[in-house]
Amino acid sequence: MSGTTVALMWEARATEGRGAELLEWARARAGELARPPLRSELLRAPQDRVLVITWWEGAYGDELPELPEPDAGAVTRPVHRWRFESLGSLGPLGSLGSADR
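Structure report, in brief. Keep in mind that this is a model prediction, so the values were computed, not measured.

Rules used throughout
- Residues numbered from 1 in each chain as written.
- Predicted model: local features only at pLDDT ≥ 70, side-chain atom pairs only at ≥ 80, totals over all residues.
- Heavy atoms only, no water.
- Helix = DSSP H or I, 4+ residues; strand = E, 2+ residues; numbered from the N terminus.
- Rg over C-alpha atoms; globule rule 2.2 N^0.38 Å.
- Buried < 20%, exposed > 50% of the residue type's maximum accessible area, 1.4 Å probe, protein only.
- Contact = heavy atoms within 4.5 Å.
- Areas by Shrake-Rupley, 256 points an atom, 1.4 Å probe, with all protein chains shown as cover.
- Lys, Arg positive; Asp, Glu negative; His and termini not counted.
- Charge placed at Lys NZ, Arg CZ, Asp CG, Glu CD.
- Pairing = 2+ DSSP bridges.
- Axes fitted to C-alpha atoms, helices over the stretch in contact; angles between N-to-C directions.
- Core = buried A, V, L, I, M, F, W, Y, C linked by side-chain atoms within 4.5 Å.

**Focus: the overall build of the protein**
Then step 1. For the protein, the count of helices and strands is one helix and four strands.
Then step 2. Secondary structure elements of the protein, listed N to C terminal, follow the sequence β-α-β-β-β.
Then step 3. Relative to a compact globule of 101 residues, whose C-alpha radius of gyration would be 13 Å, the protein shows 16 Å and is clearly more extended.
Then step 4. Counting only C-alpha atoms and orienting by the principal axes, one finds that the protein spans roughly 50 × 30 × 20 Å.
Then step 5. Across the 101 residues of the protein, 28% fall into the buried class.
Then step 6. Counted over contacts in the protein with a minimum sequence separation of 6, partners at least 24 positions apart contribute 67%.
Then step 7. Per element, the accessible surface of the protein, about 6,900 Å² overall, is 53% carbon and sulfur.
Then step 8. Across the protein, 12 positive and 15 negative side-chain charges occur, with their mean positions spaced 4 Å apart.

**Examining the pairing of strand β1 (residues 5–13)**
Then step 1. Where β1 meets strand β3 (residues 49–57), nine bridges bridge the pair, whose relative direction is antiparallel. Bridging across to β3, E11 finds its partner in L51.
Then step 2. Pairing geometry for β1 and strand β4 (residues 80–85), over six bridges, is antiparallel. By the bridge assignment for β4, V6 is matched with E85.

**Some details on the sheet that holds strand β2 (residues 39–45)**
Then step 1. Within the open sheet, the four strands sit side by side as β2-β3-β1-β4. Their pairing is antiparallel. Two strands close off the open sheet at either side, each with one partner strand: β2 and β4. Between one strand and the next, the sheet's axes are offset by a mean angle of 15 degrees, whatever the strand orientation.

**So, the nonpolar core**
Then step 1. In this structure, W10, A12, L22, A26, V50 and L67 are the most contacted members of the largest nonpolar core, which totals 16 residues.
Then step 2. When contributions to this core are tallied by element, the ones reaching two or more residues are β1, α1 (19–30) and β3.
Then step 3. Looking at this core, the element that brings in the most residues is β1, giving four residues.

**Digging into the environment of L33**
Then step 1. Of note, L33 is situated in the loop between α1 and β2.
Then step 2. A relative accessible area of 14% places L33 in the buried class.
Then step 3. Considered as a pair, L33 and G91 are 58 residues apart in the sequence and their alpha carbons are 30 Å apart.
Then step 4. Excluding residues that lie within four positions of it along the chain, L33 makes contacts with T54, W56, P65, E66 and L67.

**Quick notes on the side chain of T15**
Then step 1. Tracing the sequence through the fold places T15 in the loop between β1 and α1.
Then step 2. With sequence-adjacent residues up to four places away left out, T15 is seen in contact with D48, G73, A74, V75 and T76.

Here you go:
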């Protein structure tokens, strides 16, 4: 185990009137990943956008379970995907470290 945490972000925009459908589709697919993530979060935004963030133990370049592409008719564009490596917590609100004090 590497001790590193990687966050995968998956974001899609539903076609007109299909936001609730895309949200439920993403929820179901997140529950079907090959293995459970350390943490996951499902979010929505205006314009029927859906965001899924999953956190995994592993290195930045590791192969990790990801959500698939939804049916082309359900989204207005290809899914956007981002991968981030955690650098640690910022701590309590307003406590960003000694440079802030």
